[in-house]
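Coordinates in review
As a plain string of letters, each chain reads:
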Amino acid sequence: TPRIFSGIQPSGGLTLGNYLGALKRFVEKQDEGTTPTIYCLVDMHAITVWQDPEKLRHATREAAAGFLAAGIDPKKSILFNQSQVSAHAELGWIFNCVARMGWMGRMTQWKDKAGKNSENASLGLFAYPALMAADILAYKATAVPVGEDQKQHLELTRDIAAKFNNDYGVDFFPMTEPLIEGAATRVMSLRDGTKKMSKSDPSDQSRINLTDDADAIAAKIRKAKTDPEPLPETLDGLRDRPEARNLVNIYAALSGMTAAGVVAEYAGAQFGTFKPALADLAVAKLSPITGEMTRLMQDPAEIDRILGEGADQAEAIARPVLDDVYRITGMIRSR
Ligand code: TYM
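Numbers given to residues run from 1 along each chain, matching the order in which its sequence is written. Given that the model is predicted, a residue must reach a pLDDT of at least 70 before its local features are reported, and side-chain atom pairs must reach 80 or more before they are shown or counted; all residues, however, enter totals for whole chains, interfaces and linings. With hydrogens and water stripped out, all remaining heavy atoms of the structure feed into the side-chain values.

Considerations on the nonpolar core
Worth spelling out the cut-off: Each nonpolar core is a collection of buried residues, namely Ala, Val, Leu, Ile, Met, Phe, Trp, Tyr and Cys, held together in the definition by side-chain atoms within 4.5 Å. Buried means the residue's accessible area, taken with a 1.4 Å probe over protein chains only, is under 20% of the maximum for its type, while exposed means over 50%, and partly exposed covers the values in between. These domain boundaries are the output of an automatic or database domain assignment. Two residues qualify as a contact provided that any one of their heavy atoms is within 4.5 Å of a heavy atom in the partner residue.
With 61 residues, the main nonpolar core has Phe67 and Phe274 as its most contacted residues. Shared between two domains, this core holds at least three residues of each, these being domain 1 (4–180 + 300–329) and domain 2 (204–295). Not counting residues up to four positions away in its chain, the partners in contact with Phe274 are Leu231, Leu247, Val248, Tyr251, Val262 and Tyr266. With 47 residues, the next largest nonpolar core counts Val98, Phe126, Phe172 and Phe173 among its residues.

Below is the structure:
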């Protein structure tokens, strides 16, 4: 049975990259109404690097508020935080025993995050992709909407599913399809068009946060790095202009146009014209979300209630899958 699953780490706030590459598309998938959608705030992934407990709790609620404000409807989608459904950790352990050290060591996110000092990285950071595979496969999810940077992790998820099926001689886990679609699968830093927009970038000017107010959004776009040339006549003219290409992609994703359509509309325009238009568009699309987030954050108990209800629904799907996994792997279940 088709099922869509995806997750976001609630470490720090959500960025425009998270919104355009993931959250906005989660809402679209939900509203298509053809496939059940399950969305998870992966708090256990977040602690693979140190998180202050009070800040993590706050960031998890804030991310949940962001999901709700962006249009995730708990009546249509399951929305919960990972740690409330123990099946994730349980299946994560089984997958730690299926995945190979070599596979994990080749993950670019591991290499980037652990860097040269991998001796001092947490074991959880190394095992991170096995827990991610467990998130997905505890629901036997068939499709996962993500940004470009998660492609390698989703390939590993398929490798783990295939090895499990093969080792135990079963046709149990599906081969999950990544859904990497749209104009903004990789939103770049506003300060450096060769770097991904990221919540961990030390410069706040490099990103737009979902909590930024209208003035901050407009100021960051106005100050975004660009080259001195006007916008080209065709998309081809953006090939060696990463910063310009990025702003065009952001405009396209926010407006629902194609990048080619944006270039056609602004052909020959200077950034002095294009940037204010982009700033207006971004404020028009993001400010209502920011406002609704602020409103929702005034009632944290209601957010926790929604997450708890989502966790109950998620548990109802994942528990029977885990029961099968324990049976397949030879664990005695006598109570
Ligand atoms: P995370 O929390 O880093 O990012 C969440 C989602 O946002 C996308 N994204 C971007 N898309 C476009 N441009 C950007 N600059 C940008 N930055 C982030 C990511 O691709 C992702 O879709 N490992 C995952 C979380 C995770 C998960 C899962 C995802 C855990 N379990 C199961 C899917 C399924 C992560 O760290 O995403």
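Describing the UniProt feature "binding site: L-tryptophan" (unreviewed entry) in the protein chain
To keep it simple, the criterion reads: UniProt positions are given in the numbering used here, feature names are shortened, and annotations may be inferred rather than shown by experiment. In protein, a polar contact means a hydrogen-donor-capable atom and an acceptor-capable atom, both N or O and within 3.5 Å, with residues adjacent in sequence counting only if both atoms are side-chain atoms; elsewhere, any N or O pair within 3.5 Å suffices.
Sites flagged by UniProt as "binding site: L-tryptophan" (unreviewed entry) map to Asp135. Non-local contacts of Asp135, meaning those with residues more than four positions away in its chain, are made with Phe5, Val42, His45, Gln82 and His88. Looking at Asp135, its side chain comes within polar contact range of the side chain of Gln82, at 2.9 Å.

Looking at the packing of aromatic side chains
Put simply, the rule is: Only centres within 6.5 Å qualify two rings of Phe, Tyr or Trp (six-membered ring in Trp) as a pair; their planes then separate them into stacked at under 30 degrees, edge-to-face at over 60, and tilted for everything else. Where helices and strands are cited, they refer to DSSP runs of H or I of at least four residues and of E of at least two residues respectively, numbered from the N terminus. Ring-over charges, as used throughout, are those where CZ of Arg or NZ of Lys falls within 6 Å of the ring centre and within 35 degrees of the ring normal.
Tallied over the entire structure, the rule returns 15 aromatic pairs. Measuring from centroid to centroid gives 4.5 Å for Phe26 and Tyr39, while their planes differ by 10 degrees, and the two rings are stacked. Taken as a pair, Phe26 in helix α1 (residues 16–32) and Tyr39 in strand β2 (residues 37–41) lie far apart in primary sequence, 13 residues in all. Taken individually, Phe26 and Tyr39 each receive the classification buried, so the pair is uniform in this respect. We note Lys140 situated over the ring of Phe172; from NZ or CZ to the ring centre the distance is 3.7 Å.

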